[in-house]
Amino acid sequence: MKALIERLARGRRIRKDITVLVFAGIVTILVGCVAGCVNRTDAQKLADSGLSAASTLAAYYGTLSQQVDDIFEMEAFSNSLRGIPRDPNYEKLVQDNQAALLRRARLARQLAASYQSLKDLSSYDASGSVSDSFDKLGKAVTGSLPPLKGLGASAAGAPIDAEKLFSTVAGWLASWKQSKDLQKAVRGMTETLTALDKLFAQELPACQSISEERVLKASVIASELIQKKQVNAWPLLQQDLDGIGLKLAHPDTPPTDDDINKALAQVVRARSVHLQGLADSAGQDLLTALNQQLAAQERFQANQGISVTDIQTAVEKASDLLGQIENQKLPRNNSMLRTTSVSGVFALNDCFSDHPDCQGPIENCAANSNDHGS
Amino acid sequence: MRTSRRYRLLASTTLDTLKSLYFFLDENFEDLLNDCTNDNQRQQLRHDYVVVRDGFYQARNLVFNDDDPVVSTLSTRLADAQKQMQSMLSNLKDIVQMLNLVTDAVNLASRLVVLGAP
């Protein structure tokens with residue numbers, strides 16, 4: 001009887017042990033599953049924010065490249081008025097700047113494509129397209145990167161050797177291709193982004209100077225044409241006057257008073273200061289977004305929770321500023337400052353707001369060609 | 001988390017100084033040209049503008065060591081020259097003096113550009 005009781009008790013203990021073991025196993029599996037799912041979700045968030053940041057970076061370089069074109073045309077216009085002959089050396093320097101910017105835009109686009117691949121990878125198993133985009137990024141980062149530096153070495157540490165900087169990235173991408181591992185993919189992306197972030201930060205003053213130069217050139221030309229009475233600058237003030245219920249006596253003809261024209265030229269210059277601020281902020285916000293993306297990726301690698309809200313905010317701010325700068329682009333195939341708008345000389349792409357058909361950019365405005373013909 | 005890899009906007013003293021000179025000449029070119037009294041002066045101004053503009057474009061592709069004593073000295077002298085030009089421009093009486101000041105500044109800028117590393 002005693003032996004039977006002991007056997008039963010031992011059996012209960014064993015069952016209890018088994019139950020505990022099974023429960024522990026289930027918990028372990030569940031925790032692992034949840035961790036894996038969280039990991040995958042975070043990777044998707046990272047991929048989304050990285051995609052936005054890289055795409056905006058590409059747009060930023062694209063905008064700068066467009067601005068170099070604008071500068072070149074405005075310089076040709078000014079030089080002609082100033083009696084400065086065409087200069088092949090200057091043209092070569094412009095081309096060099098242009099090539100450097102286009103190369104960086106291409107690199108940023110490839111980075112965006114790789115974030116898209118990371119997103120795919122975090123959604124389902126690695127596919128051929130994933131490897132393919134990393135291959136392209138590898139090629140993009142190992143090619144030669146034309147210079148665009150302009151930065152004091154003391155302020156930023158050693159000057160950047162772009163090729164050396166990206167050579168380690170190519171190694172990461174190659175090893176990731178073999179494993180198709182999410183952590184490794186993020187690690188590879190972090191290496192790439194670190195290099196790009198460093199490059200962007202060091203070159204930002206040189207990049208910002210392009211936007212500033214474009215604003216200055218437009219301001220100088222506008223001021224000159226206003227003073228020569230070649231443009232009607234009244235629209236610069238029209239919005240303000242409308243606001244207090246005043247109407248211009250002769251809104252369709254340039255002011256004849258020299259002092260008024262000088263004052264209107266000052267309005268242009270004041271606006272140029274604002275525009276320079278926009279241009280500088282766009283670059284700075286983008287740098288903030290890249291830094292935050294990098295920090296989020298590092299947290300991911302350390303298995304810490306991530307938030308991408310700040311990154312998205314910074315990217316949206318940079319995109320918005322780029323949009324504002326883009327809207328101030330001078331229209332192509334039109335004589336400079338031919339049209340003026342309620343938003344002023346620098347908003348030449350805007351239509352007259354009081355025209356019923358004009359609510360968007362000038363090229364979308366059907367009435368524009370009739371109302372403001374060349 | 002390491003902070004050494006976070007990059008912030010770093011002002012480039014040398015590039016900024018060269019940019020200021022170029023922008024100053026571009027912005028005030030017409031006024032200065034109108035004050036010139038003969039073709040030699042006008043030609044001098046045009047020449048100086050082209051030199052400083054091209055120098056600035058070159059500088060965008062160069063790296064400057066702002067800690068270098070020669071770079072630092074030239075940058076400071078160039079910044080001082082610009083202050084003088086700005087001050088003189090507000091009450092311009094002697095265009096010859098102004099143009100000489102501009103030429104000196106442009107020469108300083110050219111010497112700075114030569115010191116940039118590719």
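From a predicted model like this one, the values you see are computed outputs, not experimental measurements.

What counts, and at which threshold
- Residues numbered from 1 in each chain as written.
- Chains lettered and ligands numbered in written order.
- Predicted model: local features only at pLDDT ≥ 70, side-chain atom pairs only at ≥ 80, totals over all residues.
- Heavy atoms only, no water.
- Helix = DSSP H or I, 4+ residues; strand = E, 2+ residues; numbered from the N terminus.
- Expected span 1.5 Å × (residues − 1).
- Buried < 20%, exposed > 50% of the residue type's maximum accessible area, 1.4 Å probe, protein only.
- Contact = heavy atoms within 4.5 Å.
- Core = buried A, V, L, I, M, F, W, Y, C linked by side-chain atoms within 4.5 Å.
- Phe/Tyr/Trp six-rings, centres within 6.5 Å; stacked < 30°, edge-to-face > 60°.
- Lys NZ or Arg CZ within 6 Å of the ring centre and 35° of its normal.
- Polar contact = N/O pair within 3.5 Å; in protein donor to acceptor, adjacent residues only side chain to side chain.
- pLDDT = per-residue confidence, 0-100.
- Axes fitted to C-alpha atoms, helices over the stretch in contact; angles between N-to-C directions.
- Parallel < 35°, antiparallel > 145°, perpendicular 65-115°, else oblique.
- Left-handed = near helix turned anticlockwise from the far one by under 90°.
- Nonpolar A, V, L, I, M, F, W, Y, C, P; charged D, E, K, R; others polar.

Caption draft 1: Structural view of helix α4 (residues 95–114) of chain B. Residues and elements named next belong to chain B. Its 20 residues place the ends of α4 29 Å apart at the C-alpha level, agreeing with the 28 Å of an ideal helix rising 1.5 Å per residue. Every buried residue of α4 is listed here: Ile95, Met98, Leu99, Leu101, Val102, Thr103, Ala105, Val106, Leu108, Ala109, Leu112 and Val113. Buried residues along α4 sit against α1 (13–35), α2 (39–60), β1 (63–64) and α3 (69–89).

Caption draft 2: Expanded view of the nonpolar core. Among the nonpolar cores identified, the biggest contains 98 residues, and Tyr60, Leu118 and Phe200 of chain A together with Leu18 and Leu25 of chain B are the most heavily contacted of them. Per-element accounting of this core gives the leading share, 16 residues, to helix α6 (residues 182–227) of chain A. If near-sequence neighbours (up to four positions away) are discounted, leucine 25 of chain B is found in contact with Leu32, Leu45, Asp48, Tyr49, Val52, Val102 and Val106 of chain B. The next biggest cluster of nonpolar side chains, apart from the first, holds 14 residues, and it includes Ala218, Leu248, Leu264 and Val268 of chain A.

Caption draft 3: Highlighting the packing of aromatic side chains. Summed over all chains, the structure comprises 11 aromatic pairs over all chains. One aromatic cluster is present, formed by Phe72 and Tyr90 of chain A together with Tyr22, Phe23, Phe29, Tyr49, Phe56 and Tyr57 of chain B through successive ring pairs. Residue placement shows arginine 82 of chain A over the ring face of tyrosine 49 of chain B; its charged tip is 5.2 Å from the ring centre. Directly above the ring of tyrosine 57 of chain B sits arginine 60 of chain B, whose terminal nitrogen or CZ lies 4.8 Å from the centroid.

Caption draft 4: The arrangement of helix α7 (residues 235–243) of chain A in detail. All names here are of chain A. Taken together, the buried positions of α7 are Pro235, Leu236, Gln238 and Leu241. Packed against the buried residues of α7 are α6 and α8 (258–301). Two residues or fewer after α7 comes glycine 245, characterised by a positive phi angle close to 75°.

Caption draft 5: View of the side chain of serine 223 of chain A. Residue and element names in this part refer to chain A. Take serine 223: it is sitting in helix α6. Polar side-chain contacts of serine 223 include one of 2.8 Å to the backbone oxygen of serine 219. For serine 223, the contacting residues outside a window of four places in its chain are Ala265, Val268 and Arg269.

Caption draft 6: A look at the confidence of the model for chain B. All names here are of chain B. With 90% of its residues at a pLDDT of 70 or more, chain B shows a mean pLDDT of 86. Counting interchain partners and residues more than four positions distant, the pLDDT-below-50 stretch residues 1–11 has 33 contacts. For this predicted complex, the interface score ipTM comes out at 0.87, while the overall pTM is 0.72.

Caption draft 7: Examining unusual backbone geometry more closely. Residues and elements named next belong to chain A. You will see that lysine 229, though not glycine, has its phi angle at about 60°, which is positive. On the secondary structure map, lysine 229 appears in the loop between α6 and α7. The phi dihedral of asparagine 303 falls on the positive side, at around 55°, and the residue is not glycine. Note on placement: asparagine 303 falls in the loop between α8 and α9 (309–327). Residue asparagine 303 is classed as exposed on the basis of its relative accessible area, which comes to 60%.

Caption draft 8: Region of the structure containing the packing of helix α2 (residues 88–123) of chain A against α2 of chain B. Contact geometry of α2 of chain A with α2 of chain B gives a least axis separation of 10 Å together with a crossing angle of 25°. For the element pair α2 of chain A / α2 of chain B, the angle class is roughly parallel. Between α2 of chain A and α2 of chain B lies a crossing whose hand is left-handed. Residue-level contacts link Asn89, Tyr90, Leu93, Val94 and Asn97 of chain A of α2 of chain A to Arg53, Asp54, Tyr57, Gln58 and Arg60 of chain B of α2 of chain B.

Caption draft 9: Summary view of the environment of leucine 107 of chain A. Residues and elements named next belong to chain A. Mapped onto the elements of the fold, leucine 107 is located in helix α2. By relative accessible area, leucine 107 is classed as buried at 1%. On a C-alpha basis, the gap between leucine 107 and leucine 57 in space is 9.6 Å, while along the polypeptide they are 50 residues apart.

Caption draft 10: Focus on the packing of α2 of chain A against α6 of chain A. Residues and elements named next belong to chain A. At a minimum axis separation of 11 Å, α2 and α6 run at an interaxial angle of 155°. Put simply, α2 runs roughly antiparallel to α6. As for the relative orientation of α2 and α6, their crossing is left-handed in sense. Across the interface between the two elements, Leu101, Arg104, Leu107, Leu111, Ser114, Tyr115, Leu118, Leu121 and Ser122 of α2 pack against Leu182, Ala185, Val186, Met189, Thr192, Leu193, Leu196, Leu199, Glu203 and Ile210 of α6. Partitioned by chemical class, the residues of the contact of α2 with α6 number 14 nonpolar, 3 polar and 2 charged.

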